[in-house]
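Results of the structural survey
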Amino acid sequence: MVKSAGKCELKIRDLGIQEYLPVYENMRMFNARRSATTADEFWCLQHLPVVTLGANSSNEHVHSGMNLPIIHTDRGGQVTYHAPGQAIIYLLIDMKRKEIGIKNLVQRIEQAVVELLERYQLCASARADAHGVYIEDAKVASVGLRVSGGCCYHGIALNVDMDLGPFSCMNPCGFPGLSVTQLKDHGVASSCQQVHMELAMQLCKHLNYKTTDIETIGQ
């Protein structure tokens, strides 16, 4: 990727491994303070182990025995779990400027994941009744967004090589008995950092960002 000599359309930030709550608060602050000329941003990161609930979810989707922090958020979707080994990209996008609606945005995000997995010779698909990406009947990626002021934040979480155990102590995405999988279980040996890079490029393709107008920023 090439850093633009002038103003960039998109900044891609590598944030490493982070606690959930400070990043969540920073996303909300970024969205509240951005202007019509603020560049969009992708935040690539992993989270320390945490369970998050969407705006319309409830604790009843978390079973007894869960011993991780549970945080209520303002994103769409139900309950999910984050931990190291999961490639997360938060998309802070001015949807008005991109002239894209939420339904189409979710579809493009899902298709970016599907095409990435095709590169690993994995057959994956999205589902109309439950957002995200699936390998057969097992969920490998979750999507949850919040739109405010014509801009969005939150994003996509793709399971790469993580401890899937805590998913058994919840109804993943609000669906009792939903199976969850990860790339490692399908023979993918790529690191989370490598998957982050590849997924970011697929998202850029599907969201029409030009590589010459992208700035990458390390931790």
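Small disclaimer: the values here were computed from a predicted structure and weren't measured.

1. Regarding the nonpolar core
F42 and I156 are the most contacted members of the largest nonpolar core, which has 41 residues in total. Sort the elements by how many residues they give to this core and helix α3 (residues 102-119) lands first, with eight residues. Formed by 15 residues, the second largest nonpolar core is a distinct cluster that contains L15, V23, L45 and V50.

2. Section: the side chain of H82
Considering the arrangement of structural elements, one finds H82 in strand β5 (residues 79-82). On the basis of relative accessible area, H82 is assigned to the buried category, the value being 7%. A polar side-chain atom of H82 sits 2.7 Å from a polar atom in the side chain of Q86. Not counting residues within four places of it along the chain, the set of residues in contact with H82 comprises Y20, H47, L48, P49, V50, T52, I88, A157 and M162.

3. Remarks on the environment of Q46
Within the fold, Q46 resides in strand β2 (residues 40-47). Each C-alpha atom of the pair Q46 and C192 lies 8.6 Å from the other, and the pair is 146 residues apart in sequence. Discounting chain neighbours no more than four positions away, the residues touching Q46 are G16, I17, Q18, P84, G85, Q86, C192 and H196.

4. Quick notes on the packing of aromatic side chains
Remark: the centre distance and the inter-plane angle together describe each pair of aromatic rings, the angle taken between the planes. Inspection of the entire model under this criterion finds four aromatic pairs. Both rings, one in F30 and one in W43, keep their centres 6.1 Å apart while their planes meet at 75 degrees; by these two values the pair is edge-to-face. Of this pair, F30 sits in helix α1 (residues 20-33) while W43 is found in strand β2, placing the two residues 13 residues apart along the sequence. Grouping residues by exposure puts F30 and W43 together as buried. Across from the ring centre of Y134, 4.6 Å away, lies the NZ or CZ of R127, which sits over that ring.

5. Quick look at the pattern of salt bridges
Summed over the entire model, instances satisfying the criterion amount to nine salt bridges. A salt bridge links D74 to R28, with the shortest nitrogen-to-oxygen separation between them at 3.6 Å. With D74 in the loop between β4 (70-72) and β5 and R28 in helix α1, the pair connects residues that are 46 residues apart, well separated along the chain. On the accessibility criterion, R28 (42% relative accessible area) is partly exposed.

6. A few points about the sheet that holds β5
Reading across from one edge, β4-β3-β5 is the order of the three strands in this open sheet, with mixed pairing throughout. Two strands in the sheet have a free side with no partner beyond their single neighbour: β4 and β5. Between one strand axis and the next, the sheet turns by 25 degrees as a mean value, whatever way the strands run. Note that strand β3 (residues 50-53) and β4 share three bridges and pair parallel. By the bridge assignment for β4, T52 is matched with I71. Its contacts with the sheet put α1 on β3, β4 and β5, and the angle it makes with β4 is roughly 10 degrees.

7. Some details on the confidence of the model for the protein chain
As a general rule, the predicted coordinates of low-pLDDT regions are not to be interpreted in detail. Within the protein chain, residue pLDDT values average 91, and 96% of them lie at 70 or more. Across the protein chain, strand β6 (residues 86-94) holds the top mean pLDDT of 98, while strand β12 (residues 214-217) sits lowest at 88.

8. Considering unusual backbone geometry
Here E99, not a glycine, exhibits a phi torsion of approximately 55 degrees, which is positive. Relative to the helices and strands, E99 is located in the loop between α2 (95-98) and α3. Phi is positive for N208, which is not a glycine, with a value near 65 degrees. Note on placement: N208 falls in the loop between α4 (192-206) and β12. The class of N208 is exposed, set by a relative accessible area of 53%.

The rules behind these values
- Residues numbered from 1 in each chain as written.
- Predicted model: local features only at pLDDT ≥ 70, side-chain atom pairs only at ≥ 80, totals over all residues.
- Heavy atoms only, no water.
- Core = buried A, V, L, I, M, F, W, Y, C linked by side-chain atoms within 4.5 Å.
- Buried < 20%, exposed > 50% of the residue type's maximum accessible area, 1.4 Å probe, protein only.
- Helix = DSSP H or I, 4+ residues; strand = E, 2+ residues; numbered from the N terminus.
- Polar contact = N/O pair within 3.5 Å; in protein donor to acceptor, adjacent residues only side chain to side chain.
- Contact = heavy atoms within 4.5 Å.
- Phe/Tyr/Trp six-rings, centres within 6.5 Å; stacked < 30°, edge-to-face > 60°.
- Lys NZ or Arg CZ within 6 Å of the ring centre and 35° of its normal.
- Salt bridge = Lys/Arg side-chain N within 4 Å of Asp/Glu carboxyl O.
- Pairing = 2+ DSSP bridges.
- Axes fitted to C-alpha atoms, helices over the stretch in contact; angles between N-to-C directions.
- pLDDT = per-residue confidence, 0-100.

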